[in-house]
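Observations on the model geometry
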Amino acid sequence: MSENSLHVLQQNNDQFIECPITKDGLPINTADLDKAEYKIYALNKKTEKLTKAIGAGITGNKNILSIQITKQDCKNLRGVFYHELTIVDPEFGESTVFKGEVTFQANRNLLS
């Protein structure tokens, strides 16, 4: 399930990362997951900047996990960070779904 990921998001915007969950090409029902956790760290991977979990910023629909990044979550994030999504499936155990760099592009329109 693991793959490297490069995402570009906008600072100070409401946005989603949509991620299909599969094993060997077959969909996994996200309702069956024991855990899903998304984290953003400083690029050195030592300072955690944001955490999301099922019911707290992550929702599932069939085999798709949606990670909600709110305007408030990323208001002060600019530049390159490290992020990863980890799941725990009762049948397959713990898996890193994706990991890699995420860039938050600066936005001059910081409306309230």
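For the structure itself, consult the block above.
Residues numbered from 1 in each chain as written. Predicted model: local features only at pLDDT ≥ 70, side-chain atom pairs only at ≥ 80, totals over all residues. Heavy atoms only, no water.

Quick look at the packing of aromatic side chains
Going through the model one piece at a time under the given rule, you end up with three aromatic pairs. For the ring pair Phe81 and Phe104, a centre distance of 6.0 Å and an interplane angle of 80 degrees mean the geometry is edge-to-face. Residue Phe81 is found in strand β9 (residues 79-89), and its partner Phe104 is found in strand β10 (residues 93-105); the two are separated by 23 residues along the sequence. The same class applies to Phe81 and to Phe104, which are both buried. (Phe/Tyr/Trp six-rings, centres within 6.5 Å; stacked < 30°, edge-to-face > 60°. Helix = DSSP H or I, 4+ residues; strand = E, 2+ residues; numbered from the N terminus. Buried < 20%, exposed > 50% of the residue type's maximum accessible area, 1.4 Å probe, protein only.)

Brief notes about the pattern of salt bridges
Scanning the model with the defined rule gives three salt bridges in all. Here Lys52 makes a salt bridge to Asp73, at a shortest N to O gap of 2.6 Å. A residue pair is termed long-range when its members are at least 10 positions apart, and Lys52 in strand β6 (residues 48-54) and Asp73 in the loop between β8 (64-69) and β9 qualify at 21 residues. Taken together, the shared-partner salt bridges connect Glu37, Lys39 and Glu48 into one network. (Salt bridge = Lys/Arg side-chain N within 4 Å of Asp/Glu carboxyl O.)

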